[in-house]
Amino acid sequence: MNYLKFLILLIFIVSCKNSAPVTQTATKGYQGQGKSPVVPTNSKPIQKQWKGTWALNDSTVFIDNNFDGARLNGIVHDANDHYTLWITAENTPINVSPWYAFKVWSKTKKDISIRFTYQDIRSRYYPKISTDGLNFKPIDSIFYEEINPGKGDFGINAAPEQIEIKLAVGPDTTWVSAQELYTSKRVKQWVDSLAKLTYNTSKIIGYSTEKRPLQLLETNEGNSKKALMIISRQHPPEVTGFLAMKSFTETINGPSELAKKFRQKFTVFSIPLMNPDGVDNGHWRHNMGGIDLNRDWQNFNQPETRTVKNFLEQKSQEGYEFVFGADFHSTWDDIYYPLDTTVTGEKGKIVFDWIQNISNRLPQKQTNIKPSTSLDPTMVSRTYFYVKHKMPAIVFELGDNTPRPFLKEKGKVAAEELMLLLLAKYP
């Protein structure tokens, strides 16, 4: 009798898990953040930075933040050729994402040192250097120093309190940025280039607080009503997520036979830049309402999330069935945040199959998975997508320092494996 009870209990547990893959848990690498607290999303005041050029050291060295994507709140010339920057957030409380971007030049060629200090927070992003504002590469480690280094491999405890870099400057401009600069103008140029393809359409579906357009790319070659919803850049500094999404989108729009077949069967709606105000104003995290957009998928107090909500409802009324959703982000290292199959059932299993297939093709970097079992409140995009539109969905996170060639390959593989799975599921 005891054995029979045990067997019944075991069968019950297995059926509740609904065949969710064992890849849901892992023991090494970045384990992800804890459950996000519920926070108010009514607009709050923000600090707008002063924009202009600092003329330093008797007007021989110049540092400038007067461009889209810049963040620099103050600077002091300490002595000789040493300078200290002050970098603050748009408002608080805020997570550890101290974004910075500025330009520097001098009348004559010289070597200078720049120390980065932050408002009540530690450093996160390894500096990137550019000579044209478009092509960036990480600064050579011999010119980089951590002040009061952190401990561990990931997260705030691993971050240094401050950093200092050495630069060789001259009359030509040098850009220094936390990550590559992909402002709203640059993203629009990319979307417009894809919109030239005969099966693509670019349209404005709404506007941000500062009236920047929310641009959507629709890929629709076969007039299918089975649709995907892809978004990116809710958080301004999360460029690596955008780069993976960029490769993902380009693969779906590519010339392969797989992509051609997929475009006949599915429509893809993409919003590559959810937070154009935050990006162009150099924000650490929030939009111009001072709010983390990925906490506003319950109340929709912000124009950006409200625009997507209205768009999805309109398309559902037009008969579209959303079969997959992905929201691309960045964090300390690659990680997936799906909904657990204990709450999605068989419908959500495709997300885990997708993750497994990506891992099989990219065994050189196994990525942890942190499923959520909570559907209330919706609050984040992934949960809202599933609860309101029953689409299997995921928050797809890429590491801040994930090598860029691998980002591109991961986006490509992710697109190919998702196309294969969806074509098999909906032949």
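Numbering of residues begins from 1 in every chain and follows the order in which that chain's sequence is written. In view of the model being predicted, local features appear only for residues whose pLDDT reaches at least 70, and side-chain atom pairs are presented and counted only at 80 or more, with totals across whole chains, interfaces and linings using the full set of residues. Water and hydrogen atoms were dropped before computing side-chain values, which therefore reflect all heavy atoms in the structure.

## Quick look at the overall build of the protein chain
When you go through the protein chain residue by residue, the secondary structure sums to 10 helices and 19 strands. The atom set for the radius of gyration is the C-alpha atoms, and the globule formula is 2.2 Å times the number of residues raised to the power 0.38. A compact globule built from 427 residues should have a C-alpha radius of gyration of about 22 Å, and the protein chain, at 23 Å, falls within 12% of that. In terms of principal-axis extent, the alpha carbons of the protein chain reach across some 85 × 60 × 40 Å. Counting only residues that meet the buried cut, the protein chain has 58% of its 427 residues in that class. We call two residues in contact whenever any of their non-hydrogen atoms come within 4.5 Å of each other. In the protein chain, the share of contacts with a sequence separation of at least 24, taken over all contacts with a separation of at least 6, comes to 77%. Of the accessible surface of the protein chain, which amounts to about 18,400 Å², a share of 53% is contributed by carbon and sulfur atoms. For the protein chain, the centre of its 52 positive side-chain charges and the centre of its 44 negative side-chain charges are spaced 5 Å apart. Numbered from the N terminus, helices here are DSSP runs of H or I no shorter than four residues, and strands are runs of E no shorter than two. Here's how the labels work: a residue is buried when its accessible area is under 20% of the maximum for its type, exposed when over 50%, partly exposed in between, all with a 1.4 Å probe on protein chains only. All accessible areas in this document rest on Shrake-Rupley with a 1.4 Å probe, and a residue is counted as covered only by the protein chains that are shown. A residue counts as positive if it is Lys or Arg and as negative if it is Asp or Glu; His and the chain ends are not included. Think of each charge as sitting on NZ of Lys, CZ of Arg, CG of Asp or CD of Glu.

## Here's the deal with the side chain of Glu-416
Tracing the backbone shows Glu-416 in helix H10 (residues 404-425). Here Glu-416 falls in the buried class, since its relative accessible area comes to 16%. Within the local environment of Glu-416, its side chain forms a polar contact with the side chain of Lys-412, the two groups lying 2.9 Å apart. With residues near it in sequence (within four places) discarded, Glu-416 still touches Thr-251, Leu-258 and Arg-361. In protein, a polar contact means a hydrogen-donor-capable atom and an acceptor-capable atom, both N or O and within 3.5 Å, with residues adjacent in sequence counting only if both atoms are side-chain atoms; elsewhere, any N or O pair within 3.5 Å suffices.

## Topic: the pairing of strand E1 (residues 53-56)
Side chains of E1 alternate between two faces, with Trp-54 and Leu-56 buried and Thr-53 and Ala-55 left unburied. When DSSP finds two or more bridges between a pair of strands, those strands are recorded as paired. Summarising the sheet, E1 and strand E2 (residues 61-64) pair through four bridges and their orientation is antiparallel. Looking at E2, one finds that Trp-54 is bridged to Ile-63. Hairpin connection, E1 to E2: the antiparallel pair is bridged by four residues, and Asn-57 has positive phi, about 55 degrees.

## Points about unusual backbone geometry
Looking along the chain, the bond that leaves Thr-92 and enters Pro-93 is cis, with omega of 0 degrees. For Pro-93, the position within the fold is in the loop between strand E4 (82-87) and strand E5 (101-106). Here Asp-376 and Pro-377 are connected by a cis peptide whose omega angle stands at 0 degrees. The topology assignment puts Pro-377 in the loop between strand E18 (368-369) and helix H9 (381-389). Within the chain, Ser-59 stands out as a residue other than glycine whose phi angle is a positive 55 degrees. Looking at where Ser-59 falls in the secondary structure, it is placed in the loop between E1 and E2. What makes Ser-59 partly exposed here is its relative accessible area of 32%. The phi angle at Lys-211 is positive, at roughly 65 degrees, despite the residue not being glycine. Among the secondary structure elements, Lys-211 is positioned in the loop between strand E12 (200-207) and strand E13 (213-219).

## Comments concerning the confidence of the model for the protein chain
pLDDT expresses how confident the predictor is about each individual residue, on a scale running from 0 to 100. Looking at the protein chain, pLDDT values average 93 and 94% of them are 70 or higher. Throughout residues 1-26 the model reports pLDDT below 50, and contacts reaching past four residues in sequence, or to other chains, amount to 23 contacts.

## Re the nonpolar core
What makes a nonpolar core is a set of buried Ala, Val, Leu, Ile, Met, Phe, Trp, Tyr and Cys residues whose side-chain atoms join them at distances within 4.5 Å. Membership of the largest hydrophobic core comes to 93 residues, with the highest contact counts inside it found for Tyr-100, Phe-116, Leu-167, Phe-324, Trp-354 and Leu-422. With 10 residues, the top contributor of residues to this core is H10. Sequence-distant contacts of Tyr-100, that is, excluding residues within four places in its chain, are made with Arg-71, Ile-87, Phe-116, Tyr-118, Tyr-125, Tyr-126, Pro-127, Ile-163, Val-176, Ser-177 and Ala-178. The next biggest cluster of nonpolar side chains, apart from the first, holds 18 residues, and it includes Phe-300, Phe-322, Phe-385 and Ala-393.

## Some remarks on the sheet that holds E1
Think of a sheet as strands paired side by side through backbone hydrogen bonds, with each pair either parallel or antiparallel. If you trace the six strands from one edge of the open sheet to the other, you get E1-E2-E5-E11-E7-E8, paired in antiparallel fashion. Sheet topology places E1 and strand E8 (136-138) at the edges, where each strand pairs with a single neighbour. Taken pair by pair, the neighbouring strands of this sheet meet at an average axis angle of 25 degrees, ignoring direction. Helix axes use the C-alpha atoms of the stretch in contact, all axes being lines fitted to C-alpha atoms, and the angles between their N-to-C directions lie in the range 0 to 180 degrees.

## Quick notes on the side chain of Thr-41
Considering the arrangement of structural elements, one finds Thr-41 in the loop between helix H1 (2-17) and E1. Here the side chain of Thr-41 touches Asp-296 through a polar contact of 2.8 Å, side chain to side chain. Within polar-contact distance, the side chain of Thr-41 engages the side chain of Asn-301 at 2.7 Å.

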